[in-house]
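Each chain is listed here by its residues.
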Amino acid sequence: QQQVKQSPQSLIVQKGGISIINCAYENTAFDYFPWYQQFPGKGPALLIAIRPDVSEKKEGRFTISFNKSAKQFSLHIMDSQPGDSATYFCAATPNFGNEKLTFGTGTRLTIIP
Amino acid sequence: DVKVTQSSRYLVKRTGEKVFLECVQDMDHENMFWYRQDPGLGLRLIYFSYDVKMKEKGDIPEGYSVSREKKERFSLILESASTNQTSMYLCASRADYYGPQFFGPGTRLTVL
């Protein structure tokens, strides 16, 4: 049973555009939502994370938007750059990260000039 | 910087062989994890360990076992490798319950 649904599977965005990746979850006990970025040949690395007490978190060009009632959260990459080309995974876990992460299926993002 | 290393980047084994994947972290982290990554399926948790000699099953433990005799080392064992275990295997470590997970570079295992 997939508890975190991620879309789209792949995304092509022009340089300077906004990249948007969406995730939806079912388990209402989830209360910590990190995003991981993975470059080819590397392991995933934590990019940004949010807890449900806020609706938005911004770090540089990366923003997480969170909608608790809809059980959805999304990653926005502003002014997308070729160096942002990577695979992005959303994840969720209950108990403020105290337990194991459940990952989405990943989005391969390609930024074209 | 946290460093998580995995013993091999690429590994080719034959069906029925016993396979050991080793993971070492250098930051005295309490928790360690083994995932497999497959296209379209994301990362799926195989086993994790909260402390030395402790282990917990993840979502897909069948066909795998683990060993954690020392805090810095977490081994994944395929007792009898099968072709459906061909995958990318990722190890991760975490300082404590509230920290982020740090991943190694992965081992791409091919079982022929």
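Whatever comes next refers back to the structure up there.
A few points on the structure. Owing to the predicted nature of the structure, the values given are computational and were not obtained by experimental measurement. (Residues numbered from 1 in each chain as written. Chains lettered and ligands numbered in written order. Predicted model: local features only at pLDDT ≥ 70, side-chain atom pairs only at ≥ 80, totals over all residues. Heavy atoms only, no water.)

## Thoughts on the overall build of chain A
A count of helical and extended segments in chain A gives zero helices and 11 strands. Listing each helix as α and each strand as β along chain A from the N terminus yields β-β-β-β-β-β-β-β-β-β-β. For 113 residues, the compact-globule estimate of 2.2 N^0.38 gives 13 Å, and chain A sits close to it at 13 Å. Projected onto its principal axes, the C-alpha positions of chain A cover 40 × 30 × 20 Å. Counting only residues that meet the buried cut, chain A has 46% of its 113 residues in that class. A separation threshold of at least 6 residues defines the contact pool for chain A, and within that pool the share at least 24 residues apart is 54%. Carbon together with sulfur atoms contributes 49% to the accessible area of chain A, which is approximately 5400 Å² in total. Distance between charge centres in chain A, computed from 11 positive and 8 negative side chains, equals 5 Å. (Helix = DSSP H or I, 4+ residues; strand = E, 2+ residues; numbered from the N terminus. Rg over C-alpha atoms; globule rule 2.2 N^0.38 Å. Buried < 20%, exposed > 50% of the residue type's maximum accessible area, 1.4 Å probe, protein only. Contact = heavy atoms within 4.5 Å. Areas by Shrake-Rupley, 256 points an atom, 1.4 Å probe, with all protein chains shown as cover. Lys, Arg positive; Asp, Glu negative; His and termini not counted. Charge placed at Lys NZ, Arg CZ, Asp CG, Glu CD.)

## Concerning the interface of chain B and chain A
Each partner contributes residues to the interface: chain B has 21 residues there, and chain A has 18 residues. Taking both sides of the interface into account, the surface hidden between chain B and chain A amounts to around 1500 Å²; carbon and sulfur atoms contribute 51%. In this structure, the connection of chain B to chain A is made through one salt bridge. Here chain B is connected to chain A by four residue pairs in polar contact (both at pLDDT 80 or more). When residues of the side of chain B that touches chain A are traced back to their parent elements, those giving at least two are β4 (31-38), β5 (42-49) and β9 (87-94) of chain B. When residues of the side of chain B that touches chain A are assigned to their parent elements, the largest contribution, four residues, is made by β5(B). Grouping the amino acids of the side of chain B that touches chain A by side-chain chemistry returns 12 nonpolar, six polar and three charged. (Buried area = accessible area lost by both parts, 1.4 Å probe. Salt bridge = Lys/Arg side-chain N within 4 Å of Asp/Glu carboxyl O. Polar contact = N/O pair within 3.5 Å; in protein donor to acceptor, adjacent residues only side chain to side chain. Nonpolar A, V, L, I, M, F, W, Y, C, P; charged D, E, K, R; others polar.)

## Some words on a nonpolar patch on the surface
Taken together, the side chains of A:I18, A:I20 and A:M78 make up a nonpolar region of the molecular surface, amounting to roughly 230 Å² of accessible area. Position of A:M78 among the secondary structure elements: in the loop between β8 (72-77) and β9 (86-94). (Patch = residues over 30% accessible without salt bridge, like charges linked within 9 Å, V, L, I, M, F, W, Y side chains within 5 Å.)

## Examining unusual backbone geometry
Note that the residue after A:S7, namely A:P8, is joined by a cis bond; omega there is -5 degrees. Along the chain, the position of A:P8 falls in the loop between β1 (4-7) and β2 (10-14). Located in the positive-phi region is B:K53, a residue other than glycine, with phi close to 65 degrees. Residue position: B:K53 is located in the loop between β5 and β6 (56-57). For B:K53, a relative accessible area of 61% gives the class exposed.

## Section: the sheet that holds strand β6 (residues 56-59) of chain A
Residues and elements named next belong to chain A. Sheet architecture is open: five strands sit in the order β1-β3-β8-β7-β6, paired in antiparallel fashion. Edge strands, defined here as strands with exactly one partner in the open sheet, are β1 and β6. The average angle at which neighbouring strand axes cross in this sheet is 15 degrees, direction not considered. As paired elements, β1 and strand β3 (residues 19-25) share four bridges and run antiparallel to each other. Its bridge partner being in β3, V4 is matched across the sheet by Y25. (Pairing = 2+ DSSP bridges. Axes fitted to C-alpha atoms, helices over the stretch in contact; angles between N-to-C directions.)

## Side note on the state of the cysteines
All names here are of chain A. Applying the stated rule across the entire model yields two disulfides over all chains. Paired by a disulfide, C23 and C90 hold their sulfur atoms 1.9 Å apart. Across the disulfide from C23 to C90, rotation about the S-S bond amounts to roughly -95 degrees, and the bridge is consequently left-handed. Note that C23 is positioned in strand β3 and C90 in strand β9, a separation of 67 residues in sequence. Taken as a pair, C23 and C90 share a single burial class, namely buried. (Disulfide = S-S within 2.5 Å.)

## Digging into the nonpolar core
Among the nonpolar cores identified, the biggest contains 24 residues, and A:F33, A:W35, A:F73, A:L75 and A:Y88 are the most heavily contacted of them. For this core, the secondary structure elements donating two or more residues are β2, β3, β4 (30-38), β5 (45-50), β7 (62-67), β8, β9 and β11 (107-112) of chain A. No other element matches β9(A), which puts four residues into this core. Not counting residues within four places of it along the chain, the set of residues in contact with A:F73 comprises A:I21, A:N22, A:C23, A:Y25, A:F33, A:W35, A:S65, A:F66, A:C90 and A:A91. Counting residues in hydrophobic clusters, the runner-up holds 20 residues, among them B:L21, B:C23, B:Y64 and B:C91. (Core = buried A, V, L, I, M, F, W, Y, C linked by side-chain atoms within 4.5 Å.)

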